[in-house]
Amino acid sequence: AKTVYLKDYQPPAFSVESVELTFSLFEEQCQVRSNLHIKRQHPGQLVLNGGQHAEVLRVEVNGELLHESGYRVSGEDWVIEAVPDEATLTVLTQLQPQNNTTLEGLYKSSSMYCTQCEAEGFRQITLYPDRPDVMSVFTTRIEADKALYPVLLSNGNLVEQGELENGRHFAVWHDPFRKPSYLFALVAGDLQHIEDSFTTMSGRAVTLRLYTEARNISKTEFAMGALQRSMKWDEEAYGREYDLDLFNIVAVDDFNMGAMENKSLNIFNSSCVLARADTTTDAGFQRIEAIVAHEYFHNWSGNRVTCRDWFQLSLKEGFTVFRDSQFSSDMGSAAVKRIEDVTLLRTAQFAEDAGPTSHPVRPDNYMEISNFYTLTIYEKGAEVVRMIHTLLGAELFRQGSDLYFERFDGQAVTCDDFVRCMEEVSGRDLTQFMRWYTQAGTPRLQVTDEYDAATGTYYLDVRQSCPATPGQEQKLPFHIPLAVGLLYPDGTEHHLQGDSTLVLDVTEAEQRFMFKGITQRPIPSLLRGFSAPVKLDYPYSREELSFLMSHDTDGFNRWEAGQRLAMAILQEQIGAIQAGEELEVDPALIAAFERVLDDTDLDYAVAAKVLTLPSEAYLAENAQVIDVEAIHQARRRVRKVLADALCARFRERYHATEPDGVYAFHGSSIGQRALNNLCLGYLLATEREEALELVRQQYAEADNMTDSMGALAAVVHSPFTTVADELLEQFYGRWSEDALVVNQWLSLQASVAGEGTLAKVQSLLQHAAFDWRNPNKVRSVLGAYGQSSVGFHRADGAGYEFLADQVIHLDPMNPQLASRMVTPLTRWRRYPAARQAQMRAALERIAAQPLSKDVYEIVSKSLA
Ligand code: HT7
Ligand code: ZN
């Protein structure tokens, strides 16, 4: 497979001033006629990209058939040799969307037609300069059978519609905003919709519609509200107003990712937009609100200002994730949101950054761009933007973003353009900071301190390093904003330059920071709010961590102190298990948990986070060599010790505050449910029969999915397998008609950390509810299985063999999805030798097959 390099970027020789598309949709095939009005901008040839799903029937230049001598085909691209500086190109292609299982380009999802063009799907529809720096004005005519496809949608405004012969009809859509082809969308189907409106800050009324198939219409209201909240928030927080009179969202069942920000026609994976209290957990609602916001925010950060090339992907994704996380913080609990973001980053993104597919936030090469929609581009990219926000402060950051949107409106730009705006408004030099975009890997900060009582001086010594990553042996120092506070042993805080928190600019490999007027040796609160995506070492004692858990004024660091304490205790348990010894669980952890359980003033959602032990994935991420069994046993053991010791406390806190009346999705009741379910989980960890009764009772009485799932998940992850099977069957009986609920049921069973999970997963693949063509089903079973710790990492290697078989089976159908499913195998270097050999063998077996570019890139890089 060919590698594309950032250094080879050349601007396009031709612009496309406007494009008219006509889609004639029929059951057996669809024809697409496209008229491109092109104009020379630079020397060079006209390159049109094509794809295997678009059969080219005819190409004309200014109405004349293009002769064989007038072009050459290079791979799937057409290089048109002689073309006037201004011309109209006509391309006729034929597609078979019903056979397109890749879910890229034009395809069918249940009974509807839909498109997915990012990143390079438009070329599967017609020949086109399919690159984000070619922005054009699109007019789209759709013709289809009226009875089967009464709803015909595309980007922009509906300008014409009418009847045709043979029961067919048409609609014409015109989008006045220039856009790259990846933002093109079309939907045709028998859909119902709900409608509402939003009045923008300048007083324009925008019609909002949310379309689904009829069976899902009762699940649309929440997303509509989320959309309205997003529109308002973007006006208030960023001064960004919506720019058309119509905004449509469509829910589709078969979708490779969460959602897509096509101009004025967002297409969503139904799992990321449809919600109802009885079918959706609180986490599900929160996710939907965040994704609706994310796609809406792209209207400015991505659509009005887009990316010059795909290497700049994080320009729109990192910034938009940063914006959606600010939004979620404002809508709910800022502390909980930060804890969740950091948890995801430190478990999954750090692991990616330490693995064979590690890449910078701005990669400099790729084989298949779909493989680069990664946690690094999204989550680390958002952290990079967040660091700029921290360095500049909220006010200057807003000025920088205003300048960026104003200066580059209607253009396709780079990450440098974004950062330069931030430099201009602030006068700060961010040259060194740009290394966050170009160097991969997670930096490590090693901090030590010294206190000189005689002079009242306190020193923090900071040393930074970054491990080698593929293709980058040596790293230069990063510019790291290190937010610190200093606490005295009596719990008071030293004020640093008038504030409780000071942001230190760490720029050298080794640097000393000096604080004067320090009256006693302080306890440092470091990396407050997780001010940079780094690993931080400081030799905290357990007493200091217990102290910070109670006294730190930074909410994030209070939680973090608890996590560090738990980590230390879990790690010593892992060591003991490996040595075949029994070691008492440090009572300091029990005491700390008890204090949290006794603190009824603490926000319930935060309390639930503090009482959650670091995950097995996080323990694995922090291990030198991952001993899956020891990690699993250690965590189970510590949980059981805590549960037994604090059983009465967990019982007291469980339903101490009944959620008020019927289910409501708002802050305090979400927190109550989170804490109740956490307590229920610990109570069941005692393995006492009375806890099982509570589970049964909660399951039977629940009026919402959070509580049903809370009870079901607790028992499925417990040793009470008979009751688990009974409730699982009951659950399926109740929800078998609801695909999104069935997905939760599949995923729960596939994620069980146990030897028996493989057999269960094999049977789930044969279950009537499973469907290889639906990515949500595949993710629910294979994706969840890959995360099931000892379930997947069986000593006999059968989990690896099984996953390899499934990837080989899936790749010809859906390469993008198959390439995601390989991920757990790619981390083989982190495991003991025997497991390494088994994982490698599984990868080699995949590598020996004829593969898609997607899977080939991941497998070959992880074997290299
Ligand atoms: N910008 C969207 C990316 C996306 C995508 C990428 C590759 C293959 C399929 C895809 N579906 C959507 C999603 C987003 O970040 O908003
Ligand atoms: Zn996005």
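Just so you know, these numbers come straight off a predicted model, no measurement behind them.

Criteria and cut-off values
Residues numbered from 1 in each chain as written. Chains lettered and ligands numbered in written order. Predicted model: local features only at pLDDT ≥ 70, side-chain atom pairs only at ≥ 80, totals over all residues. Helix = DSSP H or I, 4+ residues; strand = E, 2+ residues; numbered from the N terminus. Rg over C-alpha atoms; globule rule 2.2 N^0.38 Å. Buried ≥ 20, exposed ≤ 12 C-beta atoms within 10 Å, placed from the backbone. Pairing = 2+ DSSP bridges. Axes fitted to C-alpha atoms, helices over the stretch in contact; angles between N-to-C directions. Core = buried A, V, L, I, M, F, W, Y, C linked by C-beta atoms within 7 Å. Contact = placed C-beta atoms within 7 Å. Parallel < 35°, antiparallel > 145°, perpendicular 65-115°, else oblique. Left-handed = near helix turned anticlockwise from the far one by under 90°. Near = placed C-beta within 6 Å. Nonpolar A, V, L, I, M, F, W, Y, C, P; charged D, E, K, R; others polar. Domains from an automatic or database assignment. UniProt positions renumbered as here; feature names shortened; annotations may be inferred. Expected span 1.5 Å × (residues − 1).

Novice: How do you make sense of the overall build of the chain when you look at a structure like this?
Specialist: When its secondary structure is counted, the chain shows 27 helices and 32 strands. Relative to its length of 864 residues, the chain is compact, with a C-alpha radius of gyration of 28 Å against a globular reference of 29 Å. In terms of overall dimensions, the chain has C-alpha extents of about 85 × 65 × 60 Å along its principal axes. With 864 residues in all, the chain has 51% of them scored as buried.

Novice: Would you explain the sheet that holds strand β7 (residues 71–74) in this entry?
Specialist: Strand pairing in a sheet relies on backbone hydrogen bonds. The paired strands run either parallel or antiparallel. Reading across from one edge, β4-β8-β7 is the order of the three strands in this open sheet, with antiparallel pairing throughout. The open sheet is flanked by β4 (46–49) and β7, the only strands paired with a single partner. Averaged over all pairs of adjacent strands, the angle between their axes in this sheet comes to 25°, without regard to strand direction. As paired strands, β7 and strand β8 (residues 77–80) are joined by four bridges and run antiparallel to one another.

Novice: Any chance you could explain the nonpolar core here in plain terms?
Specialist: Most often, soluble globular proteins have nonpolar side chains that are buried together. Counting residues in hydrophobic clusters, the biggest one holds 249 residues, and the most contacted among them are V187, A188, A223, V250, I267 and I288. Sorting elements by how many residues they give to this core places helix α16 (residues 667–685) first, with ten residues. The contact partners of A188, leaving out residues within four places of it in the chain, are L25, M112, Y113, I142, A144, Y149, V151 and L152.

Novice: Can you help me understand the packing of α16 against helix α18 (residues 705–716) in this one?
Specialist: At a closest axis distance of 9 Å, the pairing of α16 and α18 adopts a crossing angle of 20°. In terms of axis orientation, α16 runs roughly parallel to α18. When you trace α16 past α18, the crossing you get is right-handed. In contact with R673, N677, L680, G681 and L684 of α16, α18 contributes T706, D707, G710, A711, A714 and V715.

Novice: Looking at this structure, how should I read the site of ligand 1?
Specialist: Surveying the vicinity of ligand 1 reveals 15 residues, the closest of which are E118, N256, M257, M260 and S370. For the shell around ligand 1, the secondary structure elements donating two or more residues are β20 (259–260) and α2 (282–297). A class-by-class count of the residues in the shell around ligand 1 yields five nonpolar, six polar and four charged. Built from parts of two domains, the shell around ligand 1 gets at least three residues from each of domain 1 (14–102 + 109–189) and domain 2 (306–438).

Novice: What is the right way to read the sheet that holds strand β26 (residues 457–465) from this model?
Specialist: With respect to topology, four strands assemble into an open sheet ordered β30-β26-β25-β32, the strand pairing being mixed. A single partner strand is all that each edge strand has here, and the edge strands are β30 (510–515) and β32 (535–537). On average, each strand axis in the sheet is inclined to that of its neighbour by 20°, with strand direction left out of account.

Novice: What's the story with the domain arrangement of the chain in this structure? I'm lost.
Specialist: For interface size, the figure often reported is the accessible area lost on association. The assigned domain composition of the chain is domain 1 (14–102 + 109–189), domain 2 (306–438), domain 3 (444–533) and domain 4 (736–864). Each of domain 1 and domain 4 has a C-alpha centre, and the two are 36 Å apart.

Novice: Looking at this structure, how should I read the UniProt feature "domain: Aminopeptidase N-like N-terminal" (unreviewed entry) in the chain?
Specialist: Taking the numbering used here, the UniProt-annotated feature "domain: Aminopeptidase N-like N-terminal" (unreviewed entry) corresponds to residues 100–183. Helix makes up 0% of residues 100–183 and strand 51%, whereas the separation of the span's terminal C-alpha atoms amounts to 20 Å.

Novice: Can you walk me through the environment of T279 in this structure?
Specialist: The topology assignment puts T279 in the loop between β21 (265–269) and α2. Judged by local crowding, T279 falls into the partly exposed class, with 18 C-beta atoms found within 10 Å. Expressed as a C-alpha distance, the spacing of T279 and V741, which sit 462 residues apart in the sequence, is 6.1 Å. Once you skip the residues sitting within four places of it in the chain, T279 turns out to touch K219, M705, D738, L740 and V741.

Novice: I tried to follow helix α1 (residues 221–238) on my own but got confused; where do I start?
Specialist: For an α-helix the count is 3.6 residues per turn, leaving residues at separations of three or four pointing the same way. Taking 1.5 Å per residue, 18 residues should reach 26 Å; α1 reaches 26 Å between its end C-alpha atoms and fits that length. Within α1 the residues assigned to the buried category are F222, A223, A226, L227, S230, M231, W233 and D234. Buried residues in α1 make contact with β17 (192–199), β18 (205–212), β19 (246–252), α2 and α3 (313–331). A positive backbone phi angle near 65° is found at G239, which sits one or two residues after α1.

Novice: Looking at this structure, I do not really get the pairing of strand β12 (residues 136–145). What am I missing?
Specialist: A regular strand carries its side chains on alternate faces of the sheet. Extensive coverage of β12 is indicated by the burial of eight of its ten residues. Direction of pairing for β12 relative to strand β15 (residues 168–179): antiparallel, over a ladder of nine bridges. Bridging across to β15, I142 finds its partner in A171.

Novice: What is the right way to look at unusual backbone geometry in this model?
Specialist: Both trends apply: most residues other than glycine have a negative phi, and most peptide bonds are in trans. Following E118, the chain continues to A119 via a peptide bond in cis, the omega torsion being 0°. Position of A119 relative to the elements: it lies in the loop between β11 (112–116) and β12. Of note, the phi angle at S110 is positive, near 40°, even though the residue is not glycine. Tracing the backbone through its elements, the reader meets S110 in the loop between β10 (105–109) and β11. Phi angles above zero are rare outside glycine, and E687 is one such case at about 65°. Structurally, the position occupied by E687 is in the loop between α16 and α17 (689–701).

Novice: Sorry if this is basic, but what is going on with the environment of V447 here?
Specialist: With respect to the helices and strands, V447 occurs in strand β25 (residues 444–452). Residue V447 is classed as buried on the basis of its 20 C-beta neighbours within 10 Å. In the structure, V447 is positioned 312 residues away from M135 in sequence and 48 Å away in space, judged by C-alpha atoms. Every residue in contact with V447, bar those within four places of it in the chain, is listed here: L460, D461, V462, L526, L536, D537 and Y538.

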